[in-house]
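Notes for the structure review
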Amino acid sequence: CFQLYGYCYQDSNDIPDTLTTITELGSPLEMIQLLQTSWEDRFRICLSLVRLLHYLAHSPLGSVTLLDFRPRQFVIVDGELKVTDLDDASIEESSCTSNSDCFMEFPARNFTLPCSVEGRCQSMNEKRNLYNAYRFFFTYLLPHSAPSSLRPLLDKIVNATGNHNKHDNAKYLLFCPSPSVNSEFTQKCVKSANTQYRRVPEAFIPDENYRCWPSYHHKGCLLSVFDVNEAIEICDSYSQCKAFVLTNQTTWTGRQLVFFKMASNHIVPDPDKITYVKVTD
């Protein structure tokens, strides 16, 4: 949730018991803009949302549901998703006398949860949050332009979240790999390429850019890779790609940033980079 820096009460003749809060500043969440960002940035947002879901399910007050769970209730702070409006939060689990009383209706599908011996719908608050996260966020942000090696796993996660057919803790664990180069999400194998590349150490291609999507650079093709093999696979998939340059920069998950180039006519010395040039017959 939002970081609260301070608050104060102030009485006035017009509005008694006025509460003013001072919170951190965030950027409004625009789904169209998010779909134009890199997959890793969108994955980071989904990961922060999962942490929020876990906290809401196990808060000190009990299981909390957000009755108005829509993108407009969230903002982005330093690449993380945070909820700003808690006016519609509730800790009340629905009462019931039978399973039919625990009916949840959504635009695309419906669910019926078990009624506990205490007369409460089991995990209804948590299930409502989880499905809303699926239909408003996961289904759009996760599969879109994801690395090909991760798509089967991501499809499994998204489907399990939308169908409620797995234990929730298993979903959270599947969704929370360590954000490092050793995580399951970055160690997926890539296909071996038949194309040969000549390695040129301490070298860089300053020009010969082309645009690709998604890219970390608006005037060129700058993508993240796990290793050289994945960079080769990406270069082979673009007809205009004739070379690529490994940088010493990494993303927040530890993946290496690579420039992809459409020629290698002009190579300059650079001790922090390694260039790979496609060998032609």
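Keep in mind that what you see is a predicted model, and the values were worked out from it rather than measured.

Next up on the list: the layout of surface pockets. Considered as a void within the structure, the largest pocket measures approximately 520 Å³ in volume. Lining the largest pocket are 23 residues, with Ser145, Ala146, Pro147, Leu223 and Ile234 sitting closest to its centre. Those elements that provide at least two residues to the lining of the largest pocket are α2 (39–57), β11 (221–225) and α6 (228–237). Ranked by residues supplied to the lining of the largest pocket, first place goes to α6 with four residues. Class assignment of the residues belonging to the lining of the largest pocket gives a composition of 11 nonpolar, seven polar and five charged. Two domains each donate at least three residues to the lining of the largest pocket, and these are domain 1 (28–163) and domain 2 (197–278).

All of the buried residues along α6 are Glu230, Ala231, Ile232, Ile234 and Cys235. On its buried face, α6 sits against β10 (197–204), β11, β12 (243–250), β13 (256–261) and β14 (268–278). Taking the backbone nitrogen of Asn229 as reference, a side-chain oxygen 3.2 Å away marks Asp227 as the first, capping residue of α6.

What follows concerns the sheet that holds β13. Ordered by their spatial adjacency, five strands build an open sheet running β10-β14-β12-β13-β11, and the pairing between neighbours is antiparallel. Both edges of this open sheet fall to β10 and β11, since each of them pairs with a single strand only. Averaged over all pairs of adjacent strands, the angle between their axes in this sheet comes to 30 degrees, without regard to strand direction. Inspection of the sheet shows β12 paired to β14 by four bridges, in the antiparallel sense. By the bridge assignment for β14, Ala243 is matched with Val277.

Its identity is not glycine, yet Asp78 carries a phi of approximately 55 degrees, on the positive side. Even without being glycine, Ser123 reaches a positive phi, approximately 60 degrees. When its relative accessible area of 32% is taken as the criterion, Ser123 is described as partly exposed.

Side chains of strand β5 (residues 74–77) alternate between two faces, with Phe74 and Ile76 and Val75 and Val77 buried alike. Pairing between strand β3 (residues 27–28) and β5: two bridges, direction antiparallel. Bridge pairing links Pro28 to Val75 in β5. In terms of strand pairing, β5 meets strand β6 (residues 80–83) through four bridges, oriented antiparallel. The residue bridging Val77 from the neighbouring strand is Glu80, located in β6. Taken together, β5 and the strand that follows it, β6, pair antiparallel across an intervening segment of two residues, in which Asp78 is found at a positive phi of about 55 degrees.

Here we come to the side chain of Ser59. Inspection of the secondary structure puts Ser59 in the loop between α2 and β4 (65–66). A polar contact is formed between the side chain of Ser59 and the backbone oxygen of Gly62, at a distance of 2.4 Å.

Attention now moves to the packing of aromatic side chains. This model, assessed by the stated rule, comprises 13 aromatic pairs. Between the aromatic rings of Phe106 and Phe111, the centroid separation amounts to 6.2 Å while the plane-to-plane angle is 70 degrees, which identifies the pairing as edge-to-face. A single burial state applies to Phe106 and to Phe111, both of which are buried. Centroid distance Phe204 to Phe259: 6.1 Å. Interplanar angle 70 degrees. Geometry classified as edge-to-face. You can see Phe204 sitting in strand β10 and its partner Phe259 sitting in strand β13, a full 55 residues away along the chain. Judged by its relative accessible area of 14%, Phe259 falls in the buried class. Taken together through their ring pairs, the aromatic side chains of Phe106, Phe111, Tyr131 and Tyr134 make up a single cluster. If you follow Lys273 out to its NZ or CZ, it ends over the ring of Phe204, 5.1 Å from the centre.

Rules and cut-offs
Residues numbered from 1 in each chain as written. Predicted model: local features only at pLDDT ≥ 70, side-chain atom pairs only at ≥ 80, totals over all residues. Heavy atoms only, no water. 1 Å grid on protein atoms, 1.4 Å probe; cavity = no way out; pocket = protein on both sides within 12 Å on 5 of 7 lines; lining within 4 Å. Points joined across faces, edges and corners; volume = space filled by probe spheres on them. Helix = DSSP H or I, 4+ residues; strand = E, 2+ residues; numbered from the N terminus. Nonpolar A, V, L, I, M, F, W, Y, C, P; charged D, E, K, R; others polar. Domains from an automatic or database assignment. Buried < 20%, exposed > 50% of the residue type's maximum accessible area, 1.4 Å probe, protein only. Contact = heavy atoms within 4.5 Å. Polar contact = N/O pair within 3.5 Å; in protein donor to acceptor, adjacent residues only side chain to side chain. Pairing = 2+ DSSP bridges. Axes fitted to C-alpha atoms, helices over the stretch in contact; angles between N-to-C directions. Phe/Tyr/Trp six-rings, centres within 6.5 Å; stacked < 30°, edge-to-face > 60°. Lys NZ or Arg CZ within 6 Å of the ring centre and 35° of its normal.

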